[in-house]
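Residue-level structural notes
Chain by chain, the residues run as shown.
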Amino acid sequence: MENGEKIYKTMSVTGVITMTAGIIVVVVGVVTGVMAIVSGAMLLGQKKNVLF
C-alpha cells in the first residue's frame, strides 16, 4: 500500500469518527437542554406550595 492510500484511508476513518462524535455531542446537548427546561417548569409550577 502506498503512502497516499494510507493517508486517504486514515483521513476517511478520522472523518467518520469526528462526524459520529459531533452527532453524539449534539444529541446529548439537546437532551440536556430539554431536561433543564422541564425541570425548571416543574419548579416554577411547584413554587406556590412553598411555605415560609
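Thresholds, definitions, all that
Think of each chain on its own: its residues are numbered from 1, step by step along the sequence as written. Restriction of local features to residues with pLDDT of at least 70 applies here, the model being predicted, together with a cutoff of 80 or more for giving and counting side-chain atom pairs; totals for whole chains, interfaces and linings are based on all residues. Side-chain measures here rest on the full set of heavy atoms in the structure, leaving out hydrogens and waters. Runs of H or I in DSSP of at least four residues are treated as helices and runs of E of at least two as strands, each being numbered from the N terminus. This radius of gyration counts C-alpha atoms alone. The globule rule is 2.2 Å times how many residues there are, raised to the power 0.38. Each accessible area is a Shrake-Rupley result for a 1.4 Å probe, and residues are judged covered by the shown protein chains and nothing else. For every residue, the accessible area obtained with a 1.4 Å probe (protein chains only) is divided by the maximum for its type, and the residue is called buried under 20%, exposed over 50%, and partly exposed between those limits.

Another aspect to go through is the overall build of the chain. A count of helices and strands for the chain gives one helix and zero strands. Its C-alpha radius of gyration of 23 Å places the chain more than 25% over the 10 Å reference for a compact globule of 52 residues. Principal axes of the C-alpha set define a box for the chain whose edges measure 75 × 15 × 10 Å. Carbon and sulfur atoms provide 76% of the accessible area of the chain, an area that totals close to 4,900 Å².

Tracing the chain through its elements places K9 in helix α1 (residues 3-46). Residue K9 is classed as partly exposed on the basis of its relative accessible area, which comes to 47%.

In short, geometric facts, not functional conclusions.
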